[in-house]
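# Geometric and topological summary
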Amino acid sequence: METIHYQVEDRVAKIQMMRTDVKNAINETMHKELYEAFRKASIDDEVSVIMLTGTAGSFSSGADLKSIPVEDMETFDHGDYLERTYNRLLLLMEEITKPTVAFINGTAVGAGLSLALACDFRYAVYDAKLALSFMQIGLTPDAGASYFLPRIVGLAKALELGTGKHFSGEEAYHLGLVNGIGEPSELIEQLKLMPVPAYGLMKQNMKFGMSGSLQDVLEAETSGQRVAGKSEQHIEAVSTFLKK
């Protein structure tokens, strides 16, 4: 792959954005490669956890505006671009039943931050520089930011951050936007032990619980428990417990 590095080690698929000369700005080639990497990790039985990160002090500086020819700006349709790039990738990430972790190793702005928001868990370095910088170029937050951010930090704070306010990894932690400071090594070790399909069902039900009625959520939990209750992991865990 040209723009990312993909590696599976000890049941963790590490997807690392590697366009270091432009702070991992996302062009169409990276979109295609990110999609393929997430798809590959999602169906690989040797992968239990998926981690997305950057390199050289940058997670991602967002969309690569320089990849759009200046002469095309008047006719360029941002909606069409979203439909064939970010929307496709975000929908895939949302469907993945395995734990996904973003390690924000530095700058994460614009759509780069949006990608991190789409992961189940986020860790950041202390001095990471974060911002939803869309307003600064006359655009509205996209790549799922309007969906994920209010659910993570609440509507009022999401609106504040949506204006383009800059904040650090430490501030993100206090906002509840990231789960911790530093590398997520300990978290990943815990996530590798998560039972299948119970984790995927939990993720699905909790997201549904953000908008579904109590009755509908109870029915979803009932359906999910029927599946989890017949899983090999559940049967083995109960057997081990009873033997003790």
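All of the points below concern the structure found in this document. (Residues numbered from 1 in each chain as written. Predicted model: local features only at pLDDT ≥ 70, side-chain atom pairs only at ≥ 80, totals over all residues. Heavy atoms only, no water.)

## Section: helix 9 (residues 198-208)
- Burial in helix 9 covers these residues: Tyr199, Gly200, Leu201, Lys203 and Asn205.
- Of the surrounding elements, those touching the buried residues of helix 9 are strand 7 (121-124) and helix 10 (214-229). (Buried < 20%, exposed > 50% of the residue type's maximum accessible area, 1.4 Å probe, protein only. Helix = DSSP H or I, 4+ residues; strand = E, 2+ residues; numbered from the N terminus. Contact = heavy atoms within 4.5 Å.)

## Side note on the sheet that holds strand 4 (residues 58-60)
- Spatially, 4-6-8-9 is the arrangement adopted by the four strands of the open sheet, whose pairing is mixed. A single partner strand is all that each edge strand has here, and the edge strands are strand 4 and strand 9 (167-168).
- The pairing of strand 4 with strand 6 (residues 107-109) spans two bridges and is parallel. Looking at the pairing, Ser58 lines up with Thr107 of strand 6. (Pairing = 2+ DSSP bridges.)

## Digging into a nonpolar patch on the surface
- Together, Tyr126, Tyr173 and Ile181 line one region of the surface with nonpolar side chains, adding up to about 320 Å² of accessible area.
- Position of Tyr126 relative to the elements: it lies in the loop between strand 7 and strand 8 (129-131). (Patch = residues over 30% accessible without salt bridge, like charges linked within 9 Å, V, L, I, M, F, W, Y side chains within 5 Å. Areas by Shrake-Rupley, 256 points an atom, 1.4 Å probe, with all protein chains shown as cover. Salt bridge = Lys/Arg side-chain N within 4 Å of Asp/Glu carboxyl O.)

## Looking at the pattern of salt bridges
- Within this structure, the stated rule accounts for ten salt bridges.
- Between Lys207 and Glu94 there is a salt bridge, with its nearest N and O atoms 2.9 Å apart. Linking Lys207 in helix 9 with Glu94 in helix 3 (residues 86-95), this pair joins segments that are 113 residues apart in sequence.
- Between Glu160 and Lys157 there is a salt bridge, with its nearest N and O atoms 2.8 Å apart. Of this pair, Glu160 and Lys157 both sit in helix 6 (residues 155-162), three residues apart, which is roughly one turn of the helix.
- With relative accessibility at 26%, the residue Lys157 sits in the partly exposed group.
- Each member of the salt-bridge network shares a partner with another, and the members are Asp10, Glu189 and Lys192.

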